[in-house]
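Structural overview
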There are 4 protein chains.
Amino acid sequence: MINIATHPWISGLLGDEEMASIFEPEAELKRLLRIEAAWMRALGEIDGIDASDHIAASIEAAQIDPQALKAGMTEDGVPIPILVRLLRKHLRPDQATHVHQGLTSQDVVDTSLILALVQVLSLLKERLGLLDQHLAEKQRAFGNRSITAFTRMQPAMETTVHEVIDRWRQPFAELIEDLSDLQNKVGVLQWGGPIGARAHVQADALGASFAQHLGLKDPGRDWHTDRTVIVKVTQLLCRIATVTGKIGDDIVLFAITGSDHITFEGGQSSAMPHKNNPVKAEALVALADFAAGLAATALRSARHEGFRSGRAWMLEWLTLPQLCVTAGAGVRLAKHTLHDITSIGLE
Amino acid sequence: MINIATHPWISGLLGDEEMASIFEPEAELKRLLRIEAAWMRALGEIDGIDASDHIAASIEAAQIDPQALKAGMTEDGVPIPILVRLLRKHLRPDQATHVHQGLTSQDVVDTSLILALVQVLSLLKERLGLLDQHLAEKQRAFGNRSITAFTRMQPAMETTVHEVIDRWRQPFAELIEDLSDLQNKVGVLQWGGPIGARAHVQADALGASFAQHLGLKDPGRDWHTDRTVIVKVTQLLCRIATVTGKIGDDIVLFAITGSDHITFEGGQSSAMPHKNNPVKAEALVALADFAAGLAATALRSARHEGFRSGRAWMLEWLTLPQLCVTAGAGVRLAKHTLHDITSIGLE
Amino acid sequence: MINIATHPWISGLLGDEEMASIFEPEAELKRLLRIEAAWMRALGEIDGIDASDHIAASIEAAQIDPQALKAGMTEDGVPIPILVRLLRKHLRPDQATHVHQGLTSQDVVDTSLILALVQVLSLLKERLGLLDQHLAEKQRAFGNRSITAFTRMQPAMETTVHEVIDRWRQPFAELIEDLSDLQNKVGVLQWGGPIGARAHVQADALGASFAQHLGLKDPGRDWHTDRTVIVKVTQLLCRIATVTGKIGDDIVLFAITGSDHITFEGGQSSAMPHKNNPVKAEALVALADFAAGLAATALRSARHEGFRSGRAWMLEWLTLPQLCVTAGAGVRLAKHTLHDITSIGLE
Amino acid sequence: MINIATHPWISGLLGDEEMASIFEPEAELKRLLRIEAAWMRALGEIDGIDASDHIAASIEAAQIDPQALKAGMTEDGVPIPILVRLLRKHLRPDQATHVHQGLTSQDVVDTSLILALVQVLSLLKERLGLLDQHLAEKQRAFGNRSITAFTRMQPAMETTVHEVIDRWRQPFAELIEDLSDLQNKVGVLQWGGPIGARAHVQADALGASFAQHLGLKDPGRDWHTDRTVIVKVTQLLCRIATVTGKIGDDIVLFAITGSDHITFEGGQSSAMPHKNNPVKAEALVALADFAAGLAATALRSARHEGFRSGRAWMLEWLTLPQLCVTAGAGVRLAKHTLHDITSIGLE
């Protein structure tokens, strides 16, 4: 139950295997190698290192045993020093020396995170668009039916299903717009070197080349301690979980008051056959509450002391991938929740 | 110690009386009356109610005993029903009936919150700009001096004070830009009536007039359950507290390693005269940690079930004003923290 | 709205004036003076200082302008250094020198907190006992009636009101027992001096005397950084808010399904006269959610680095009194919520 | 990075494979089968079902494909209904009907959690005892050396290493005592049936037998919504993470001020060979901050509405195993952190 995202059975309800796959160790390792290779190619272009293409190719082809990284990670707090040692082993000493030269571990790990977040936002954007379409379809199918509007958790007045779903859809336009804006911002290279100084005579050209090899933009400086872009992603993820959580809240409310309001497949109670539990809607609520808790830790992890922080950075690792999966699971599950609805409102 | 913001002595360190004054009961009551009066004027314009100006003036001039609202608040969960009863008392029955007609309590309370948040953002924008200027001044005064760059909380390499302060200033441009964007969005009228239906034949014209009397924009519909604009404010407040918290973190780090790094006024230890405690810097850290905790609750309060929520809304009341004061106190105190610095770095 | 606890109208619903009064500035100041005076009497007994009674009496009679503490608080991060200077002013130099001698600010502020927490626990114990009695009364009055048991937020089976209320009462016995245990532990003196060394030849006797003058126990050493007792209080407060929050949750659920389940006074909707909002029950839920958010910050504030922490300590000030009021408000309000119930279940 | 606890390399630093193994899907499944089998044996004893031993043996020997549970989990929100269907398949209809009869899913899942928590507490108790011994050893080895006492993150006065480590050990006695008390409380059967009614003529005898087959105590009733015992475990876990976090905080502080204070193995900076990063100490801080965030969610998950909650229960699943691993990782890592210390203080 530690890893809900990929748990063999719980993931079916509360997980998100597609989102989780972005953060899988194998995918991470591939990104780390890709970044070290891109750095070699950039050094080759700017510094004219002869063997740079050969070194880059050797890095990309390296077979790294994930277990081999563990001891290094434990001692160094990052997997990069041991990874660099392993990469250098297969190269001639004069070539090996160039590997990782001028980078700091955080450059590599943060850039890998960015490559992952680019995928995360892309996946979420596609899913949110689809979810909004599914909502629109339900609105078309059932919109004219009458249903009770709840205010303060009490039946208040009659309204239409159109109005109910409209309320679910209300935050989507701005959410998707903000997500698109963020997609334009998130793809930024992390490069600074040990204290963020970019100690290279042609730093701008080198940064541009490094970024270009990764399909990223070079912000022109490091952002080791300015986590603005990460905070914006976490804050958007929290908004997403809130939006799908509300759909869950409302379906649970309708389900209480019975089949005039909503009927759905699934959730059959084994002990009480007359009863359908709104299981997926409940799960949407649980995921939203879980995301809210992570929001505090994510914010705490955004304050990086000095020129590079270890403790805030580790806290980010513990929090951000989970938040991605939590928000992702909410959107994935909201779609299934809608799909299960067989009727909403009274004709 | 409940109300740090206005506590007679603790507020000097951890509070923000200017920010707190925006949320003072007297200021709130004035806003509530202003909104009910604006509604009367709007009804007058659109529905041609003869006495609307008279009613509005009567509302604006009303002397409401705050204590009188308490019993109503306790029973109704909002102060508006009792307020409306009190306002109607002073009017002829045929006039009294128009007061609040077509509004729901949440319309009034949320619009009042918006009027407050407009002030909050304006105050923060001014202060953040000034804080950035103060940082630039320190950068000019001490920038060429050498100082230790800390990475992973360890002395790493020599750098310049310019670089240190540059790192503090790094998030400011985007923060202030996002704050300005939000200022353009925050000033939105809340109006929907009981279930958000805007039940009026000329709803658009009425909304426009209502908004115009309050200096707000009419978003064209209610946002009773779509708290996007509130979430954006809370998320920005959290970013602000993070930015000032980092300044605190770093000053504490420099202070540890002694007078080569930093000297400042204040914080004299009574028992240990050789020792200056970086009191304000510590307070910046405490405020940032406090804001991070509120972030979770703020997010939880953003999920409003049904057509109007009571419990999420109350949670918002418990959280948002505190977050405003916490972020505000951070910015206020950061300025004083900088002001106390007598020297930073080595010539 | 910053200070819900004493807000002129919101406090009626979400506040707790009785609990808040324990933390009022005047009450705090009185405690600080009482502690400094007790220290003088203890020094008199153990060190044979002639004027100790006179000094103690002078401290107890001192008129301190709360505003005078503010500037000192801002610079020193605690009100004690300025308070000590003010107290010494009224004494002959040879007497003045004894004031606060051998104490550190944290000794005084923490001991004052303990004196407050003794009151907090006493108030809560009395109220929890009464609340359980009120629950028992409702159980006697309505217990035989039938009502729907909800599982997974769905009507599941018929049960009795007795069973419903039994479920509300289920945690009380252990909660009250744990509270009583904690009452026996909480009344501990804080005394260590600057680095907790209790630098006095007769430290044990002095500690015993100091504690005895305050009606506290001497744990035999400082607990400047070991906040176990504080954590236990916060964790108990969180449990209390959870218990009253559940009562709120359930009443809201019953209220949805109408007058067969529950009827109560109050919460009359002004716009929809057929509708009673379960306002107080909603507020119980909001208070519980607010307490949950504070739990994280309270725990963060329990980790005190070094021999005395400033930042964690300040965070405790920002959090703990609020948590006391939040838990207190829940218990207070739960009683009123029950009182409003006119009928529960079907005969 | 989703599953730090078992991540191939990150787990070396931030994970806890031993603790995680308690919550592994295979271990869970084994517990679920063990519970269903114990129920059969208890039914056999009390109701005299002939085939009960045969059914129990069949359940214990069942080969369940974890993937087969997934679809059921997704629809039912718990793995039990599908598991029961799978178990019944292998039995004659007249025997199959007895499987799970009189239980509700929550009975099985909660009892499984209890069996896991018994292991969790046992593991933690052993480790905490060992950690305290390791601290005592360091105290013996380096206790007489002098070192700086930090107060408010500033070097304050000279003290001894004995005093420093004493401060780390200060919470241990009460923590271990409370852990032992909790061990006596945690092993409680969950059994209530659909609405907690224990609908059986010999409920007491049946509960006693069921509990006895599992090595648990029967509390005499269900605790579906009274999560007191779970809350106590989470609150203890949070205290543990706080205690190990402080050791991390302090080592980081000592490391800043250099080799007079502390030297340790590991954390060699690749880019800056003069620099040792206190990697494990930083990780202790990150784990403590992560635990603090989970504390809020854990508390939120403790409020179970109605007779059984789905959403709060799912939130508990998302939170509690992680908190176990986080606290466990802290204790595990604290030992390694101490082990790495080669010198502390000045002779």
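Model, not experiment: these values are computed from the prediction.

All names here are of chain A. Taken domain by domain, chain A holds domain 1 (16-101) and domain 2 (104-190 + 223-344). If you average the C-alpha positions of domain 1 and of domain 2, the two centres end up 35 Å apart. Between domain 1 and domain 2, the residue contacts involve 19 residues of the former and 22 residues of the latter. Contact between domain 1 and domain 2 buries roughly 1700 Å² in total, counting both sides, with carbon and sulfur atoms accounting for 76%. On the domain 1 side of the contact with domain 2, Asp 16, Met 19 and Phe 23 bury the most area, a combined 35% of that side's loss. The interface formed by domain 1 and domain 2 includes two salt bridges.

Residues and elements named next belong to chain B. Across six bridges, the pairing between strand β1 (residues 146-151) and strand β2 (residues 154-160) is antiparallel. Opposite Ile 147, over in β2, you have Thr 159 as the bridge partner. The loop that links β1 with its antiparallel partner β2 comprises two residues; one of these, Arg 152, has a positive phi angle of about 50 degrees.

Take the packing of helix α10 (residues 172-186) of chain C against helix α12 (residues 228-256) of chain C next. All names here are of chain C. At their nearest, the axes of α10 and α12 sit 11 Å apart, and the two run at 155 degrees to each other. The angle between α10 and α12 places the two elements in the roughly antiparallel class. Crossing geometry of α10 relative to α12 is assigned as left-handed. Residues Phe 172, Glu 174, Leu 175, Asp 178, Leu 179, Leu 182, Lys 185 and Val 186 of α10 touch α12, and the partners they reach there are Val 229, Lys 232, Val 233, Leu 236, Arg 239, Ile 240 and Val 243.

One frequently used descriptor of interface size is the decrease in accessible area upon assembly of the parts. In this assembly, 23 residues from chain C lie in contact with 23 residues from chain A. Both faces considered, chain C and chain A share a buried interface measuring about 1900 Å² in area, 57% of it formed by carbon and sulfur atoms. Its largest share of buried area at the contact with chain A, chain C owes to Arg152(C), Gln154(C) and Ile256(C), together 33% of the area lost on that side. Two residues, Glu282(A) and Arg152(C), come together in a salt bridge whose shortest N-O distance is 3.0 Å. Across the contact surface, chain C and chain A share two residue pairs in polar contact (both at pLDDT 80 or more). Looking at the side of chain C that touches chain A, the elements with two or more residues in it are β1 (146-151), β2 (154-160), α12 and α13 (279-300) of chain C. The residue inventory of the side of chain C that touches chain A, partitioned by class, reads 12 nonpolar, six polar and five charged.

Let us look at the relation of the copies chain D and chain C. Note on the copies: chain D fits chain C at an RMSD of 0.0 Å, the axial shift is 0.0 Å, and the rotation between them is 180 degrees. In the structure described here, the two chain copies are related by an operation that fits a two-fold rotation axis. Minimal C-alpha separation from the rotation axis in chain D is found for Ala296(D), amounting to 2.4 Å. Interface residue correspondence from chain D to chain C reaches 98%, placing this contact among same-surface, isologous pairings.

Glancing now at the interface of chain D and chain C. Listed by partner, the interface residues are 64 residues for chain D and 63 residues for chain C. For the chain D and chain C pair, buried surface summed over both sides reaches about 5300 Å², with 53% attributable to carbon and sulfur atoms. Three residues stand out in chain D for area buried against chain C, namely Arg152(D), Arg167(D) and Arg303(D), and they jointly supply 16% of the buried area on that side. The interface formed by chain D and chain C holds 16 salt bridges in total. Note that Arg300(C) and Asp289(D) form a salt bridge whose closest N and O atoms lie 3.2 Å from each other. Where chain D touches chain C, the interface holds 32 residue pairs in polar contact (both at pLDDT 80 or more). Elements represented by at least two residues in the side of chain D that touches chain C include exactly β1 (146-151), β2 (154-160), α9 (161-169), α10 (172-186), α12 (228-256), α13 (279-300) and α14 (311-340) of chain D.

The subject of this paragraph is the environment of Phe307(C). Mapped onto the elements of the fold, Phe307(C) is located in the loop between α13 and α14 (311-340). Overall, the relative accessible area of 3% leaves Phe307(C) in the buried class. Residues Phe307(C) and Leu130(C) lie 177 residues apart in sequence; the distance between their C-alpha atoms is 42 Å. Setting aside residues up to four positions removed in sequence, Phe307(C) forms contacts with Ile195(C), His224(C), Thr225(C), Ala149(D), Phe150(D), Thr151(D), Thr159(D), Glu163(D), Val164(D) and Arg167(D).

Okay, the packing of aromatic side chains next. Two descriptors summarise a pair of aromatic rings, namely the distance from one centre to the other and the angle between the planes of the rings. The full count for this structure, using the stated rule, is 16 aromatic pairs over all chains. Judged by centre distance (5.2 Å) and plane angle (55 degrees), the rings of Trp39(A) and Trp191(A) are tilted. Taken together, the residues Trp39(A) in helix α3 (residues 25-47) and Trp191(A) in the loop between α10 (172-186) and α11 (203-214) connect sequence positions 152 residues apart. The two residues Trp39(A) and Trp191(A) agree in class, both being buried. Each ring, one from Trp39(D) and one from Phe210(D), has its centre 4.9 Å from the other, and the planes form 65 degrees; the classification is edge-to-face. Separated by 171 residues along the polypeptide, Trp39(D) in helix α3 (residues 25-47) and Phe210(D) in helix α11 (residues 203-214) bring together distant segments of the chain. Given the relative accessible area of 0%, Phe210(D) is considered buried.

So, about the relation of the copies chain C and chain A. With an RMSD of 0.0 Å, the operation that places chain C on chain A is a rotation of 180 degrees combined with a shift of 0.0 Å along the axis. Same-surface contact between copies: 100% of interface residues of chain C are shared with the interface of chain A.

This next bit is on the environment of Asn184(D). Residue placement: Asn184(D) occurs in helix α10. Asn184(D) sits 31 residues away from Gly215(D) along the chain, and the two C-alpha atoms are 12 Å apart.

Next up on the list: the state of the cysteines. Applying the stated criterion across every chain, the model contains zero disulfides over all chains. Summary of cysteine pairing: Cys324(B) is not part of a disulfide, and the nearest cysteine sulfur, belonging to Cys238(B), is at 10 Å. The thiol sulfur of Cys238(C) is not disulfide-bonded, and the nearest other cysteine sulfur, from Cys238(D), lies at 9.8 Å. On the accessibility criterion, Cys238(C) (4% relative accessible area) is buried.

All names here are of chain D. Examined against the element boundaries, His 7 turns out to sit in the segment before α1 (11-14). Residue class for His 7 comes out buried when judged on its relative accessible area of 3%. Within the structure, His 7 has its side chain in polar contact with the backbone nitrogen of Ile 10 (distance 3.1 Å).

In total, this model carries 112 salt bridges over all chains according to the counting rule given. Linking Asp250(A) and Lys246(A) is a salt bridge whose minimum nitrogen-to-oxygen distance equals 2.8 Å. Of this pair, Asp250(A) and Lys246(A) both sit in helix α12 (residues 228-256), four residues apart, roughly one helical turn. The pair formed by Asp250(A) and Lys246(A) is uniform in burial state, with each residue classed as buried. The salt bridge partner of Arg227(C) is Glu316(C), with a shortest N-O separation of 2.9 Å. Taken together, the residues span a long stretch of sequence, with Arg227(C) in the loop between α11 (203-213) and α12 and Glu316(C) in helix α14 at a distance of 89 residues. One exposure class covers both Arg227(C) and Glu316(C), and it is buried. A cluster of three or more residues bridged by salt bridges with shared partners is formed by Asp249(A), Asp289(A), Arg300(B), Arg303(B), Glu305(B), Arg311(B), Asp249(C), Asp289(C), Arg300(D), Arg303(D), Glu305(D) and Arg311(D).

The predicted model of chain A has a mean per-residue pLDDT of 95, with 98% of residues at 70 or higher. Predicted as a complex, the structure gets a pTM of 0.98 and an ipTM equal to 0.96.

Analysis parameters
Residues numbered from 1 in each chain as written. Chains lettered and ligands numbered in written order. Predicted model: local features only at pLDDT ≥ 70, side-chain atom pairs only at ≥ 80, totals over all residues. Heavy atoms only, no water. Domains from an automatic or database assignment. Contact = heavy atoms within 4.5 Å. Buried area = accessible area lost by both parts, 1.4 Å probe. Salt bridge = Lys/Arg side-chain N within 4 Å of Asp/Glu carboxyl O. Pairing = 2+ DSSP bridges. Helix = DSSP H or I, 4+ residues; strand = E, 2+ residues; numbered from the N terminus. Axes fitted to C-alpha atoms, helices over the stretch in contact; angles between N-to-C directions. Parallel < 35°, antiparallel > 145°, perpendicular 65-115°, else oblique. Left-handed = near helix turned anticlockwise from the far one by under 90°. Polar contact = N/O pair within 3.5 Å; in protein donor to acceptor, adjacent residues only side chain to side chain. Nonpolar A, V, L, I, M, F, W, Y, C, P; charged D, E, K, R; others polar. Least-squares fit on C-alpha atoms with pLDDT ≥ 70 in both. Buried < 20%, exposed > 50% of the residue type's maximum accessible area, 1.4 Å probe, protein only. Phe/Tyr/Trp six-rings, centres within 6.5 Å; stacked < 30°, edge-to-face > 60°. Disulfide = S-S within 2.5 Å. pLDDT = per-residue confidence, 0-100.

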